[in-house]
Amino acid sequence: QVQLVESGGGLVQPGGSLSLSCAASGSIFSINVMGWYRQAPGKERESVATITWGGTINYADSVKGRFTISRDNAKNTVYLRMNSLKPEDTAVYYCNAQIVGRTLDTGLYWGRGTQVTVAS
């Protein structure tokens, strides 16, 4: 079994900062891509940022220059630093990872999500 557990999130004023982290645990051989997605009320889930094991990063245009994704491969953990937050960043943020298990099966896993609210 593999679990992704997110932490961080909360309420912040516009222009503020928050950090999210997501740790993967369980029967893990390696993790290919890790990423963050978000879903605002009434909208579809969208990709925010992804990072490969080798460090290749992609950001959504809406967060470029404000958000920074990073990962610690030794800890199977991905981070998202969010600066200059805007009300439109309000959403539930989900961690996602493509994980190769110890039996060399590959699966796509999701965390349960953490709420980020940007409001004054």
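Reading the values: the criteria
- Residues numbered from 1 in each chain as written.
- Predicted model: local features only at pLDDT ≥ 70, side-chain atom pairs only at ≥ 80, totals over all residues.
- Heavy atoms only, no water.
- Helix = DSSP H or I, 4+ residues; strand = E, 2+ residues; numbered from the N terminus.
- Rg over C-alpha atoms; globule rule 2.2 N^0.38 Å.
- Buried < 20%, exposed > 50% of the residue type's maximum accessible area, 1.4 Å probe, protein only.
- Contact = heavy atoms within 4.5 Å.
- Areas by Shrake-Rupley, 256 points an atom, 1.4 Å probe, with all protein chains shown as cover.
- Lys, Arg positive; Asp, Glu negative; His and termini not counted.
- Charge placed at Lys NZ, Arg CZ, Asp CG, Glu CD.
- Salt bridge = Lys/Arg side-chain N within 4 Å of Asp/Glu carboxyl O.

K.L.:
What is the right way to look at the overall build of the protein chain in this model?
P.N.:
On a plain count of helices and strands, the protein chain comes out with zero helices and eleven strands. Taken from N to C terminus, the helices and strands of the protein chain fall in the order β-β-β-β-β-β-β-β-β-β-β. Relative to the globule expectation of 14 Å for 120 residues, the C-alpha radius of gyration of the protein chain, 14 Å, shows essentially globular dimensions. Over its C-alpha atoms, taken along the principal directions, the protein chain stretches across nearly 50 × 25 × 25 Å. Every one of the 120 residues in the protein chain was classed for burial, and the buried ones make up 39%. At a minimum sequence separation of 6, the contacts of the protein chain that also span at least 24 residues come to 55%. Carbon and sulfur atoms form 49% of the exposed surface of the protein chain, whose accessible area is close to 6500 Å². For the protein chain, the separation between the mean place of its 11 positive charges and that of its 8 negative charges on side chains is 4 Å.

K.L.:
Looking at this model, I keep getting lost on the pattern of salt bridges. Mind explaining?
P.N.:
Should their charged atoms come close, side chains of opposite charge can pair. The full count for this structure, using the stated rule, is four salt bridges. E46 is the partner of R38 in a salt bridge, and the nearest nitrogen-oxygen pair spans 2.7 Å. With relative accessibility at 5%, the residue R38 sits in the buried group. A salt bridge links K64 to D61; its shortest N-O distance comes to 3.1 Å. For D61, a relative accessible area of 64% translates into the label exposed. Among the ionic contacts, a cluster of salt bridges with common partners joins R38, E46, R66 and D89.

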